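These are the residues of each chain, in order.
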Amino acid sequence: MRVAAHATCQLNGALIRVALLQRSTRTAPEARTGSNIRRCTYRRLIAVQRKPDVLYDVECLYPDRLVPIPLGDLETARPICNGCTAQHIFRPDED
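An account of the accompanying structure is given in this report. Quantities reported herein were computed from a predicted structural model and do not represent experimental measurements.

The rules we used
- Residues numbered from 1 in each chain as written.
- Predicted model: local features only at pLDDT ≥ 70, side-chain atom pairs only at ≥ 80, totals over all residues.
- Heavy atoms only, no water.
- Salt bridge = Lys/Arg side-chain N within 4 Å of Asp/Glu carboxyl O.
- Helix = DSSP H or I, 4+ residues; strand = E, 2+ residues; numbered from the N terminus.
- Buried < 20%, exposed > 50% of the residue type's maximum accessible area, 1.4 Å probe, protein only.
- Phe/Tyr/Trp six-rings, centres within 6.5 Å; stacked < 30°, edge-to-face > 60°.
- Lys NZ or Arg CZ within 6 Å of the ring centre and 35° of its normal.
- Pairing = 2+ DSSP bridges.
- Patch = residues over 30% accessible without salt bridge, like charges linked within 9 Å, V, L, I, M, F, W, Y side chains within 5 Å.
- Areas by Shrake-Rupley, 256 points an atom, 1.4 Å probe, with all protein chains shown as cover.
- Contact = heavy atoms within 4.5 Å.

### Observations regarding the pattern of salt bridges
And step 1. Applying the stated criterion across every chain, the model contains two salt bridges.
And step 2. Here Arg44 and Glu59 are joined by a salt bridge, their closest N and O atoms 3.4 Å apart. Of the two residues, Arg44 is situated in strand β3 (residues 43-49) and Glu59 in strand β4 (residues 55-60); the sequence distance between them amounts to 15 residues.
And step 3. The buried category is assigned to Glu59, whose relative accessible area is 17%.
And step 4. Here Arg78 makes a salt bridge to Glu75, at a shortest N to O gap of 3.1 Å. Within this pair, Arg78 and its partner Glu75 are both found in helix α1 (residues 74-82), separated by three residues, close to a single helical turn.
And step 5. Given the relative accessible area of 13%, Arg78 is considered buried.
And step 6. Among the residues examined, Glu75 registers a relative accessible area of 44% and is labelled partly exposed.

### Focus: the packing of aromatic side chains
And step 1. Using the criterion set out here, one finds one aromatic pair in the structure.
And step 2. It is Arg38 that lies over the ring of Phe90; its NZ or CZ is 3.6 Å from the centre.
And step 3. Here Arg65 stacks its cationic end above the ring of Tyr42, 4.0 Å away from the centre of that ring.

### Looking at the pairing of β4
And step 1. Bridge analysis of β3 against β4 gives six bridges, and the strand direction is antiparallel. The partner of Gln49 across the bridge, within β4, is Leu55.
And step 2. Taking the residues that link successive antiparallel strands as the turn, the β3-β4 hairpin has five residues.
And step 3. Alignment of β4 against strand β5 (residues 69-73), held across four bridges, turns out to be antiparallel. From the neighbouring strand, Glu59 faces β5, where its bridge partner is Pro70.

### Structural notes on a nonpolar patch on the surface
And step 1. On the surface, a nonpolar cluster with roughly 230 Å² of combined accessible area is contributed by Ile46, Val48 and Leu55.
And step 2. Inspection of the secondary structure assignment puts Ile46 in strand β3.

### Some points on the environment of Thr41
And step 1. Tracing the chain through its elements places Thr41 in the loop between β2 (14-22) and β3.
And step 2. Judged by relative accessible area, Thr41 falls into the partly exposed class, the value being 39%.
And step 3. The residues contacting Thr41, other than those within four sequence positions of it, are Arg65, Ile89 and Arg91.

### A closer look at the environment of Ile46
And step 1. For Ile46, a relative accessible area of 33% gives the class partly exposed.
And step 2. Ile46 sits 27 residues away from Asp73 along the chain, and the two C-alpha atoms are 9.3 Å apart.
And step 3. The residues contacting Ile46, other than those within four sequence positions of it, are Leu55, Tyr56, Asp57 and Glu59.

And the structure:
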């Protein structure tokens, strides 16, 4: 979001300047390859490389969030995560 303008208002006797935000017209990023990976509350993504392309390692923290299970990169983890049958670990909009 970009700052479009400012407004001045009074809060507890003090004048404050508030930024009025303007929504960006950019679209959401598209998936790079293949189908999307289901959004899980137990998955940890670790950025291994930032440039020239972002590369992530994926770890599964199910069931107790104490011992991570390495799943490899996103492409390797996608079929494992999408095939998971554990109950109530995916975000509500994924079930």
